[in-house]
Amino acid sequence: MNETTSRVAFFDPDNKTHQFTADLLAKADIRIAGSRPWDIRFNAHGVPEAAMAQGNLGFGEAYMDGAWDAGELDQFFYKLLSAKLPDQIKPSKILPHIIKTKYLNRQTRKRAWEVGEAHYDLGNEFYGAMLDSRMTYTCGYWKDANNLEEAQAAKLDLICRKLQLQPGMRLLDIGCGWGSLMAYAAEHYGVEAVGVTISKEQADWATAHYPHLSLDFRLMDYREVDEKFDRIASVGMFEHVGPKNYRTFMEVAHRCLNPGGLFLLHTIGRNLRNAYPDPWLDKYIFPNGELPSIGQVGDAVDELFVVEDLHNFGADYDKTLMAWHENFEKAWPRFREELGERFYRMWRYYLLSCAGAFRARDIQLWQWVLAKDGVEGVYPRVT
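This text gives an overview of the structure that appears in the document. (Residues numbered from 1 in each chain as written. Predicted model: local features only at pLDDT ≥ 70, side-chain atom pairs only at ≥ 80, totals over all residues. Heavy atoms only, no water.)

## Details of the pattern of salt bridges
Right, so step 1: What the rule picks out here adds up to 23 salt bridges.
Right, so step 2: Among the ionic pairs, Asp74 bridges to Arg359, the shortest N-O distance being 2.9 Å. Residue Asp74 is located in helix α4 (residues 73-82), and its partner Arg359 is located in helix α14 (residues 315-359); the two are separated by 285 residues in the primary sequence.
Right, so step 3: Between Arg334 and Glu125 there is a salt bridge; the shortest N-O distance is 3.4 Å. Of this pair, Arg334 sits in helix α14 while Glu125 sits in helix α7 (residues 124-130), and the two are 209 residues apart along the sequence. Glu125 matches Arg334 in its accessibility class, with the two residues each being exposed.
Right, so step 4: A single salt-bridge network, built from bridges that share partners, covers Asp29, Arg36, Asp39 and Lys79. (Salt bridge = Lys/Arg side-chain N within 4 Å of Asp/Glu carboxyl O. Helix = DSSP H or I, 4+ residues; strand = E, 2+ residues; numbered from the N terminus. Buried < 20%, exposed > 50% of the residue type's maximum accessible area, 1.4 Å probe, protein only.)

## Things to note about unusual backbone geometry
Right, so step 1: For Lys84, which is not a glycine, the phi torsion comes out positive at approximately 55°.
Right, so step 2: As for its position among the elements, Lys84 is in the loop between α4 and α5 (95-103).
Right, so step 3: With a phi close to 55°, Gln164 is a non-glycine residue in the positive phi region.
Right, so step 4: Using a relative accessible area of 30% as the deciding quantity, one classes Gln164 as partly exposed.

Geometric values such as these leave the question of function open.
Here it is as structure tokens:
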């Protein structure tokens, strides 16, 4: 039995689930056992059944197990999501996940540390191989950039200019990561900065890397911060806050911001207010994570901030994720023995499925500029 025949053998046209899957995929111009890069190839039994019963959780785990492949996984997900196929599936076995995310506060002070341990503490060597030299683990700004390094520097400068940073200002970075924004702002704009993170690996790396700058990296939950700052930024952290804590997050930022201060919020967002978190990403990549809608952010800032600017450059996350994936593939031989094949397929699925989602405009990247008292006149749009 040759490779093509074996893959077709895992699809039964007389099976109603299999035929429904084929018809559904055809709406997105995806063929089973097709020859195009975005076509799907089954390598084992049970893939359609897993997807129908558990949605992306079952589908993603089947990929991790090697049960299916696509030559260009990012383009497969772009087509899948552009055709809105997930909306046509009602997976029965993830109801407990939906109920839990709807009614429980999954981002309490105790649980907030779980994502740091599970994701951000994978190892500085691993992230150093995938990211730019500053270890910036958020969307780059590709407007005038030719590569990842330029795109991340452009993003950091964009934030500094939107915040109107001046020498001597005090900046708070909520969810500071490896300190790239703080270091850039100190080096180029002469500010002092305090950063909080729930990742010990990040705090240790940043502290060791920038001893020459006026930077203070703290391993703490954002809710514990109670000091005054001239400017606040939060870049790629709001996705871990959770709807039941959005208002609390904004109240913390409000109480910590001096009169006349500006707050820049950089976050991934979703198009629907009442959607539930993706169960595969929740289990394997970002425990307890949840993307906000524009309406939810708007509700959270009511009577606290004036929204001066809202900038969507979500399409740039597609380019950023593809650049990370290229670096990851090049570096993988260094980590293969330690992390193993299942991790490799998990990480590819994460990076490339998310790239496809941004490409399809299924999810967004927003930068909000929020003013404690409103600015005089018209806030100057920075691009």
